[in-house]
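Examination of the molecular architecture
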Amino acid sequence: MAQTITIVGGCGHVGLPLGIALANAGADVTLFDNQPDRVAEVAAGTMPFLEWGAEPELARALSAGRLRATTDPAAIRPAEVVIVTIGTPVDEFLDPKVRSFDRAIRGLHPHFRAGQLLVLRSTVFPGMTDRLVRWLEREGPAVDVAFCPERIAQGYALKELSELPQIVSGSTPSALDRAKALFRLLTSELVELPPLEAELAKLFANTYRYINFAISNQLYLIARKFDADFARIHAAVTHQYPRLAGFPKAGFAGGPCLLKDTMQLAGFNHNSFPIGQAAMMVNEGLPSALVGLVKQTRDLSGDCAAILGMAFKGNCDDPRDSLAYKLRKILTLECREVLCTDPYIRDPSFVPVAVALARADIVFVGACHAEYRTLRVRQPVIDVFDFLPKLAAERRQAA
């Protein structure tokens, strides 16, 4: 008999691909979400955000009757497994908002029933799984609790859910066994950890990536300061040299996970995390640093600047915590006009790329979308990603 699963936040970036994958693996899945527009889109077979290859898989799950979407929290009670995709956000001071997680769980609490498996899927502040277990032991009902973090690249979840190993943890042997049975629907590669170590594993992975991006961005700024080509240096030192295979290129390190998870780790360690906090200063300061470098040789006050790409990464439609918006804010103070364009994000203030390039005096690359790969740009280009085709050397010098 198929497992019955309800996913809380089921129409979001974490919950929806997981729900589609589980449904097409044979489970009976209900997506509970408090956003009626998203629920209606999903129920009609339309993805509410860009997930490569997802729409046919969504249609297959819906037509088989194994997937449904609802705004009614009553869908939680009948499920054998409840997967919660509510994480621990950070506040305006970059401190973990533990109480917001508590409020969300307590809002769901009346719909839990004894015997369920409760799976936490999104990043939580370390210790939250065990803390939730203690709270449920006091308040009831008797449920198994597991923490099984998602580790997929946004936009490629359906591919990676079956390709990547899944970390699983449980508060009891029963919870662990049930979590393993659940994720064996998607992959045979399971890695067991205690809950605290599983929570830290998620934070360590994103923090490691964030710090590595900061290293590249700091080295990029040093190279620019001394009129050296970072991309050329990067290509040279990584060429057939395995020890630098993990040396990333420079670029904006934005999005809803990397900074947040790094700051969660800092908060967990009582705000003592100098290397993570230094990485934040480098990465979050990169837009301002780029504009500062340009201003050393160019007066921007009369310029129209164009930003190509406003998503937090290339080939993505998600603007959350995108540093391109920070760049826009800085350029708005410095330039006569700022034009933004993005092939994936719907925003009435954006203009088509052809309009942006026709009117701009200087061009900044905000996200390396594939659509920009073949652009021929006549203006000076600030391309920290080294993504656009290189044109005449004098244009690079002019920037």
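None of the values given here were measured: they were computed from a predicted structure. (Residues numbered from 1 in each chain as written. Predicted model: local features only at pLDDT ≥ 70, side-chain atom pairs only at ≥ 80, totals over all residues. Heavy atoms only, no water.)

Attention now goes to unusual backbone geometry. Cis geometry is adopted by the peptide bond preceding Pro 141, which originates at Gly 140 and carries an omega value of -5°. Here Pro 141 shows up in the loop between α5 (128-139) and β6 (144-147). Positioned with a positive phi, Asp 386 is a non-glycine residue whose angle comes to about 55°. Looking at the secondary structure, you find Asp 386 in the loop between β12 (381-382) and α14 (393-398). (Helix = DSSP H or I, 4+ residues; strand = E, 2+ residues; numbered from the N terminus.)

The next point concerns a nonpolar patch on the surface. On the surface, Ile 215, Leu 219, Ile 222 and Phe 226 cluster together into a nonpolar patch covering about 380 Å² of accessible area. Inspection of the secondary structure puts Leu 219 in helix α8 (residues 195-225). (Patch = residues over 30% accessible without salt bridge, like charges linked within 9 Å, V, L, I, M, F, W, Y side chains within 5 Å. Areas by Shrake-Rupley, 256 points an atom, 1.4 Å probe, with all protein chains shown as cover. Salt bridge = Lys/Arg side-chain N within 4 Å of Asp/Glu carboxyl O.)

Our next topic: helix α12 (residues 323-334). Taking 1.5 Å of rise per residue, the twelve residues of α12 would be expected to cover 16 Å, and the 17 Å separating its terminal C-alpha atoms lies within 8% of that figure. Turning to α12, its buried residues are Leu 323, Ala 324, Leu 327, Ile 330 and Leu 331. One side of α12 carries all its buried residues, which in axial view fall inside an arc of 120°. α12 presents Lys 329 and Leu 333 as exposed residues on the side facing more than 90 degrees away from its buried surface. Looking at the buried positions of α12, the neighbouring elements they touch are α11 (274-295), β9 (304-308), β10 (337-341) and β11 (362-365). (Expected span 1.5 Å × (residues − 1). Buried < 20%, exposed > 50% of the residue type's maximum accessible area, 1.4 Å probe, protein only. Arc of directions from axis to C-beta. Contact = heavy atoms within 4.5 Å.)

Moving on: the packing of aromatic side chains. Across all of its chains, the model carries five aromatic pairs by this definition. A ring pair is formed by Phe 125 and Phe 268, whose centres lie 5.9 Å apart and whose planes are at 80°; its orientation type is edge-to-face. Separated by 143 residues along the polypeptide, Phe 125 in the loop between β5 (117-120) and α5 and Phe 268 in helix α10 (residues 258-268) bring together distant segments of the chain. Taking the relative accessible area as the measure of exposure, Phe 125 reaches 17% and is therefore buried. Between Phe 252 and Phe 385, the ring centres sit 5.8 Å apart and the planes meet at 75°, which makes this aromatic pair edge-to-face. Linking Phe 252 in the loop between α9 (230-238) and α10 with Phe 385 in the loop between β12 and α14, this pair joins segments that are 133 residues apart in sequence. Judged by relative accessible area, Phe 385 falls into the buried class, the value being 13%. Following the ring pairs from residue to residue traces out a cluster consisting of Tyr 220, Phe 230 and Phe 247. (Phe/Tyr/Trp six-rings, centres within 6.5 Å; stacked < 30°, edge-to-face > 60°.)

Bringing the side chain of Asp 303 into the picture now. Relative to the helices and strands, Asp 303 is located in the loop between α11 and β9. With relative accessibility at 9%, the residue Asp 303 sits in the buried group. Only 2.7 Å separates the side chain of Asp 303 from the side chain of Arg 298, close enough to count as a polar contact. Once you skip the residues sitting within four places of it in the chain, Asp 303 turns out to touch Arg 298, Cys 335, Arg 336, Glu 337, Asp 361 and Ile 362. (Polar contact = N/O pair within 3.5 Å; in protein donor to acceptor, adjacent residues only side chain to side chain.)

The next thing to look at is the sheet that holds strand β1 (residues 4-8). Where strands meet in a sheet, backbone hydrogen bonds hold them as pairs that are either parallel or antiparallel. Taken in spatial order, the eight strands of this open sheet run β3-β2-β1-β4-β5-β6-β7-β8, and their pairing is mixed. In the strand order of this sheet, the two ends are held by β3 (67-70) and β8 (190-192), each with one partner. The average angle at which neighbouring strand axes cross in this sheet is 25°, direction not considered. By the bridge criterion, four bridges tie strand β4 (residues 81-84) to β5 in an arrangement that is parallel. Following the sheet pairing, Val 84 is matched in β5 by Leu 120. Taken strand by strand, helix α1 (residues 15-24) contacts β1, β2 (28-32), β3 and β4, and its axis lies near 165° from that of β2. (Pairing = 2+ DSSP bridges. Axes fitted to C-alpha atoms, helices over the stretch in contact; angles between N-to-C directions.)

This part covers the environment of Glu 337. Tracing the backbone shows Glu 337 in strand β10. Between the C-alpha atom of Glu 337 and that of Ala 266, which follows or precedes it by 71 residues, the distance is 38 Å. Only 2.4 Å separates the side chain of Glu 337 from the side chain of Arg 359, close enough to count as a polar contact.

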